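Listed below, chain by chain, are the residues.
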Amino acid sequence: MSYLEAKSKYAAMGIDTDAAINRLKAVPVSLHCWQGDDVRGFDTDPNKPLTGGIQTTGNYLGRARNPQELMDDIDKVIELVPGQVKMNLHASYAIFDEQNGGWVDRDKLEPKHFQKWVDFCKERQIGCDFNPTFFSHPMADPLTLSSPNEETRKFWVEHGKACIHISQYLADELGQPCVMNIWTGDGYKDIPVDRIGPRMRYKQSFDEILSEPFDKTKVYPCAESKVFGIGVESYTVGSAEWCLKYASSRDDCICLMGNGHYHPTEVVSDKISSILAYDEKMALHVTRGVRWDSDHVVLFDDETKELCKEIVRCGLDRVFIALDYFDASINRISAWVTGFRNLQKALLFALLQPNQQLVKLQNEGNFTKLMVMQEELKTMPFGEIWEEYCHVCQKPADGQWFSEIEKYENEVLRQRN
Ligand code: RNT
């Protein structure tokens, strides 16, 4: 079937496929730099363990070992994915060199340590989001912003403040808003006796970080909650309730939901509309948990589709979308590309739903027809529209990109061991 035939099938249902394609082209999706090196970063010993309750597993060849390799790999990804890429950096990816004075600890980071990333983004005309890094560091004791040790807590508050400056710099330089996500792995392995103390200190620390001046139209600090992590099974300081209440208590902080961060039968697709009933904007970290917050590569699966349908129905410009997963057991570039393309597919699929008609059926109580229509929509000729989207974006269609990755693996990644 050709695009034109598929287009007319959708048109018969009142759906404008060209409009969907054009809309999607302009939606930024943040690409997480940390998939390329298993969340190691450049500012501490890359062989230290990953802490904070997150974990990468696998030892596939070709991990990026320095900024240049990571940038080369990201370029390969950009070459192979349709849609509007935005970068997403962690503070641990600061680039130190002789010109900028060399290494500093996280509480002393400055915009200059991200100038090479700004140059990278400018050359590719993309924006950049940012994340302070509150893990994999000797000062994570293991608590950070909730630590009872005032020296530790202050260190991390200073890190947060430094990251506000860097986020402002990224937004100013790149002319796109910068989402600054605050996530920590703060919590306890076993049942704590004081649950409120750490949460009060966490609140104080967030308040102190956000007291640093920034432009609220350009920098969007977020609070990301979690239910548990590896080694932090019994208690998480930044729980769902803590983050929701914190964000709602301020006009300069929004909720970020990571879809691996809830109980296994809870779905973030059902949460988006609750947040947006109150807040103008929210943010997402899209991942795939398998039995726990395992951060597997995002698939074109039911929950990713449902997430994207909710984003589209509630307002595409109200949700900041970022990917967040890290698989070290397969080719990392393929992991990036597969997840990014799948998110694009799910967004396009969502844009191709006859939402008004479906809502009307729901409001009329016609759940029989609603079910039938939704089931039939699943076998519409979506593949043709997807192919056209890739074509319009001048990016390879399915079946045409993986050989590029195999070539890159043989020519570049294999040389890295
Ligand atoms: C961890 C959080 C967090 C991290 C990244 C590296 O569970 O999702 O956002 O994955 O910041």
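Residues numbered from 1 in each chain as written. Predicted model: local features only at pLDDT ≥ 70, side-chain atom pairs only at ≥ 80, totals over all residues. Heavy atoms only, no water.

> What am I meant to see in the side chain of Ser146 here?
Note that Ser146 resides in the loop between strand E3 (128-131) and helix H5 (150-174). Engagement of the side chain of Ser146 in a polar contact is seen with the side chain of Asp186, the distance being 2.7 Å. For Ser146, the residues in contact, after removing those within four places along its chain, are Asp186, Pro198, Arg201, Tyr202 and Val237. (Helix = DSSP H or I, 4+ residues; strand = E, 2+ residues; numbered from the N terminus. Polar contact = N/O pair within 3.5 Å; in protein donor to acceptor, adjacent residues only side chain to side chain. Contact = heavy atoms within 4.5 Å.)

> Can you walk me through the site of the ligand in this structure?
Neighbouring the ligand are the residues Trp34, Ile54, His90, Asn181, Trp183, Glu224, Lys226, His261, His285, Asp293, Asp324 and Phe326. Protein coverage of the free-state accessible area of the ligand, which is 300 Å², stands at 99%. In this structure, the ligand is accommodated by the largest cavity. Grouping the amino acids of the shell around the ligand by side-chain chemistry returns 4 nonpolar, 4 polar and 4 charged. (Near = heavy atom within 4 Å. Areas by Shrake-Rupley, 256 points an atom, 1.4 Å probe, with all protein chains shown as cover. 1 Å grid on protein atoms, 1.4 Å probe; cavity = no way out; pocket = protein on both sides within 12 Å on 5 of 7 lines; lining within 4 Å. Sits in = over half its atoms within 2 Å of the grid points. Nonpolar A, V, L, I, M, F, W, Y, C, P; charged D, E, K, R; others polar.)

> I tried to follow the nonpolar core on my own but got confused; where do I start?
Note that soluble globular proteins tend to have their nonpolar side chains buried in a common cluster. Residues Ile74, Trp117, Ile272, Leu284 and Leu348 are the most contacted members of the largest nonpolar core, which totals 126 residues. Sorting elements by how many residues they give to this core places helix H10 (residues 332-351) first, with 12 residues. Filtering out sequence-adjacent residues up to four positions away, Leu348 remains in contact with Ala20, Ile21, Leu24, Phe382, Ile385, Trp386 and Tyr389. Core analysis: the second largest hydrophobic core is formed by 7 residues, Val179, Cys222, Leu256 and Ala283 among them. (Core = buried A, V, L, I, M, F, W, Y, C linked by side-chain atoms within 4.5 Å. Buried < 20%, exposed > 50% of the residue type's maximum accessible area, 1.4 Å probe, protein only.)

> How should the pattern of salt bridges be read in this particular structure?
Pairing between side chains becomes possible if they bear opposite charge and their charged atoms approach one another. Counted under the stated rule, the structure contains 33 salt bridges. One salt bridge in this structure joins Arg153 and Glu150, with 2.8 Å as the shortest N-O distance. Highlighted residues: Arg153 and Glu150, both in helix H5, separated by 3 residues, approximately one helical turn. With a closest N to O distance of 3.0 Å, Arg313 and Glu310 form a salt bridge. Taken together, the residues Arg313 and Glu310, both in helix H9 (residues 302-314) and 3 residues apart, mark about one turn of the helix. One connected set of salt bridges, linked through shared partners, spans Arg65, Glu69, Asp73 and Arg416. (Salt bridge = Lys/Arg side-chain N within 4 Å of Asp/Glu carboxyl O.)

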